[in-house]
Amino acid sequence: MIDVSPAEVSSRDRIKQISTHMYGLVGSITGDKVHRSYASLKADHIIDHKTITDVQKDKIDYIKRNYTPEEVVASVLEHPPTVFVDVGDESMEIEAIRPKKPVTRTPPSPFDKEIARRNILIDRDIYGEPTTTLLENYVNVCKNYLELPVINDDFADHNQRRDWERGIQEVFNVMGREWNEAFSNFWDFSRYAKNKQTPIINYAEVILDMPNINLPERLQVKFQEIAAKMRNGREIFLQGDMRGINIIAGECARVATLFTHEQLEMDKLVSEMFNSLASSVTSRYPISIPSESGRTIKLLPKEIELMKFIRENTNATDLSYFILENPPMVTAKLGDPPNIEKIHTERVSSIAPTYQEKEIAKKFFALPLNSIKSNESYVRKVLDIVKSYLVLPRRKDSFTDHNQRQLWQKGVGEMLGMISMSDPQRQDKNDWNWIFNDIWNKNRYTTNARSRVITGVQELMTTGLPQKVKTELDKSLVRLNEAQQLIGDDKLDLATDTISDECAKVVSIFSN
């Protein structure tokens, strides 16, 4: 029988030929030095080169002499060898793991590629240099993820995938750096790789945590939402559901389009459309408090079209922040007898909590020494309230009095209510007016926010906490009530600063 050398056979035959060698080599090495599963003890395990047998060394030398690293990797993927893994939690329990079909890569879709290559425009005059740089980096990280391929395999969950990958990686580690890198270039440059998922999930939270960052509240809320959805997608993926990867990629697409010229123009247009709607409707039906009984608003065809355009091109949360950033003019009836007036305010500025306040709100909970464990649920409830106050923004407007503010808010609410009612797919969660009011009232100037803090501290005074702790809480309660008096004396900022200081003291009592 004539022995044909590896160099004399076709590429596909060479791949198949390599698989006979690699199948035995991977099984032999991982069988001799079984590593712990990621799902069990997660203990690290590195193969000692000195323990490789002479037979294994001869096989490795033969493969390295006759085949390239790329050929060997292609063979491992097309004809996946079995990896032996210890899946026991305490005693050893060996499991043979391998995908039943070839492992392939699907390139990103044309849609993903197109989004990843769109130009972005982040105005340095608006955001400032440090924030602009961070935002550009965040967008680019998300774009890079969209251009990664997807690995196709049939593993039951991600732990199995990682166990098989690590077994193959250990064999290539023994073979040498080139072989290891060739496998990593395939495996690690995909949407499955942890080192590709982690940066995009963490980046939004890093931006939010950075001190002295000039980020509008709308983007802060959006980044928090995006990061939460990405984390959820990762959890779904780790459970073996590939839809989790689509969730992560979908959120990357959102980030990649936030600052495109088209999206910025659409945001501006939606804002202008809403302002036109509010001006048109309230000029014919002025806002009053209380409302005129039995009033029916008949919309003009152009107003119906405006509502349809707004509903189809934005969502209630984004529109709420557009309203704060570019407030509409509302026609209202004021006084007795009533006069018709046009009510307007400058941009409603949202002053974010300080870096220190945000850091205090992140402190971990710990009951004071000698505390009764039954108090824990009460303390946690109150701590959530005071921590929430610490991260609330301040909202500043240019209304001359609270009557104007009330009428303007009511006018905006009526427009948003009509947008909700005009939605043929309407659900409770699509109540645009409710979402606006929730955002509008989430600020430290509101009576409700201050009252919840005071009531919470009063509640702690009724528990069985140590007297030393109650003494400190009583001091804070006195200061909180003094702050309420300052509000009556029209010293709003001083009052809210005092409340914030006392919230920080309460958190420190119950934090480690």
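Model, not experiment: these values are computed from the prediction.

**Overview of the environment of Pro286**
1) Next: Of note, Pro286 is situated in the loop between helix H12 (261-284) and helix H13 (301-313).
2) Next: On the accessibility criterion, Pro286 (13% relative accessible area) is buried.
3) Next: C-alpha of Pro286 to C-alpha of Glu251: the two residues are 35 residues apart in sequence and 41 Å apart in space.

**So, the side chain of Arg450**
1) Next: Looking at the element boundaries, Arg450 is found in helix H19 (residues 447-460).
2) Next: Of the buried charged residues, Arg450 lacks a salt bridge, with Asp493 as the closest side chain of opposite charge at 10 Å.
3) Next: Reaching out from Arg450, the side chain makes a polar contact with the side chain of Gln484 at a distance of 2.9 Å.

**Some remarks on helix H21 (residues 492-509)**
1) Next: With 18 residues, H21 should reach 26 Å at 1.5 Å per residue; the first-to-last C-alpha distance of 26 Å fits that figure.
2) Next: Taken together, the buried positions of H21 are occupied by Ala495, Thr496, Thr498, Ile499, Ser500, Glu502, Cys503, Ala504, Val506 and Val507.

**Focus on the nonpolar core**
1) Next: Core analysis: the largest hydrophobic core is formed by 65 residues, its most contacted members being Met22, Tyr138, Phe172, Met175 and Phe223.
2) Next: With sequence-adjacent residues up to four places away left out, Tyr138 is seen in contact with Ile200, Tyr203, Ala204, Ile207, Phe223, Ile226 and Val255.
3) Next: Membership of the second largest hydrophobic core comes to 34 residues, among which are Met307, Ile310, Ala316 and Leu319.

**Let's talk about the packing of aromatic side chains**
1) Next: The final tally for this structure, using the stated rule, is 14 aromatic pairs.
2) Next: Ring geometry for Tyr62 against Tyr67: centres 6.4 Å apart, planes inclined by 70°, an arrangement best described as edge-to-face.
3) Next: The class for Tyr67 is buried, based on a relative accessible area of 3%.
4) Next: Of the aromatic side chains, those joined through ring pairs into one cluster are Phe155, Trp164, Phe172, Phe183, Phe186 and Trp187.

**Points about helix H1 (residues 11-32)**
1) Next: Taking 1.5 Å per residue, 22 residues should reach 32 Å; H1 reaches 31 Å between its end C-alpha atoms and fits that length.
2) Next: Of all the bends found along H1, the most pronounced is centred on His21 and spans about 25°.
3) Next: Inspection of H1 places Arg14, Ile15, Ile18, Ser19, His21, Met22, Leu25, Val26, Gly27, Ile29 and Thr30 among the buried residues, and these make up the whole buried set.
4) Next: On its buried side, H1 packs onto helix H2 (54-66), helix H3 (69-78), strand S2 (83-86) and helix H7 (158-175).

**A look at the confidence of the model for the chain**
1) Next: Mean pLDDT over the chain stands at 88; residues scoring 70 or higher make up 94%.
2) Next: Taken element by element, the predicted model of the chain shows its lowest mean pLDDT in strand S1 (residues 35-36) (74) and its highest in H12 (96).
3) Next: Between residues 41-47, whose pLDDT stays under 50, and residues either more than four places distant or in other chains, the model counts 17 contacts.

**Points about the sheet that holds S2**
Two strands in a sheet stick together by hydrogen bonds in their backbones, pointing the same way (parallel) or opposite ways (antiparallel).
1) Next: Strand order in the open sheet made by the three strands is S1-S2-S3, with mixed pairing throughout. Strand pairing shows two members of the sheet lacking a second neighbour, S1 and strand S3 (94-97), which therefore form its edges.
2) Next: Sheet topology note: the S1/S2 ladder contains two bridges and is parallel. Paired with Arg36 across the strands is Asp86, a residue of S2.

**As for unusual backbone geometry**
Comment: phi is negative for the bulk of residues other than glycine, and the bulk of peptide bonds are trans.
1) Next: Geometrically, the link from Ile289 to Pro290 is a cis peptide bond, its omega value of -5° lying close to zero.
2) Next: Among the secondary structure elements, Pro290 is positioned in the loop between H12 and H13.

**Regarding the pairing of S2**
In the case of a regular strand, side chains alternate between the two sheet surfaces.
1) Next: In the sheet, S2 pairs with S3 via four bridges, with the strands oriented antiparallel. The residue bridging Asp86 from the neighbouring strand is Ile94, located in S3.

**Topic: the side chain of Glu251**
1) Next: Structurally, Glu251 can be placed in helix H11 (residues 243-257).
2) Next: Since its relative accessible area comes to 8%, Glu251 is described here as buried.
3) Next: One polar contact links Glu251 to Arg254, side chain to side chain, over a distance of 2.9 Å.
4) Next: The contact partners of Glu251, leaving out residues within four places of it in the chain, are Ile226, Lys229 and Met230.

**Points about the pattern of salt bridges**
1) Next: If you walk through the whole model with that rule in mind, you get 35 salt bridges.
2) Next: Its salt-bridge partner being Asp493, residue Arg394 comes within 3.2 Å of it at the nearest N-O pair. Taken together, the positions of Arg394 in strand S9 (residues 394-396) and Asp493 in helix H21 put the pair 99 residues apart, joining distant regions of the chain.
3) Next: A residue is classified by how much of its surface remains accessible, and Arg394, at 13% relative accessible area, is buried.
4) Next: A relative accessible area of 32% means that Asp493 is categorised as partly exposed.
5) Next: Residue Arg405 pairs with Asp397 through a salt bridge whose shortest N-O separation is 2.9 Å.
6) Next: Of the residues examined, Asp397 reaches a relative accessible area of 23% and is grouped as partly exposed.
7) Next: The network of salt bridges with shared partners includes Arg394, Lys396, Asp493 and Asp497.

The rules behind these values
Residues numbered from 1 in each chain as written. Predicted model: local features only at pLDDT ≥ 70, side-chain atom pairs only at ≥ 80, totals over all residues. Heavy atoms only, no water. Helix = DSSP H or I, 4+ residues; strand = E, 2+ residues; numbered from the N terminus. Buried < 20%, exposed > 50% of the residue type's maximum accessible area, 1.4 Å probe, protein only. Lys, Arg positive; Asp, Glu negative; His and termini not counted. Salt bridge = Lys/Arg side-chain N within 4 Å of Asp/Glu carboxyl O. Polar contact = N/O pair within 3.5 Å; in protein donor to acceptor, adjacent residues only side chain to side chain. Expected span 1.5 Å × (residues − 1). Core = buried A, V, L, I, M, F, W, Y, C linked by side-chain atoms within 4.5 Å. Contact = heavy atoms within 4.5 Å. Phe/Tyr/Trp six-rings, centres within 6.5 Å; stacked < 30°, edge-to-face > 60°. Bend = angle between axes of the 7 residues up to and from the residue. pLDDT = per-residue confidence, 0-100. Pairing = 2+ DSSP bridges.

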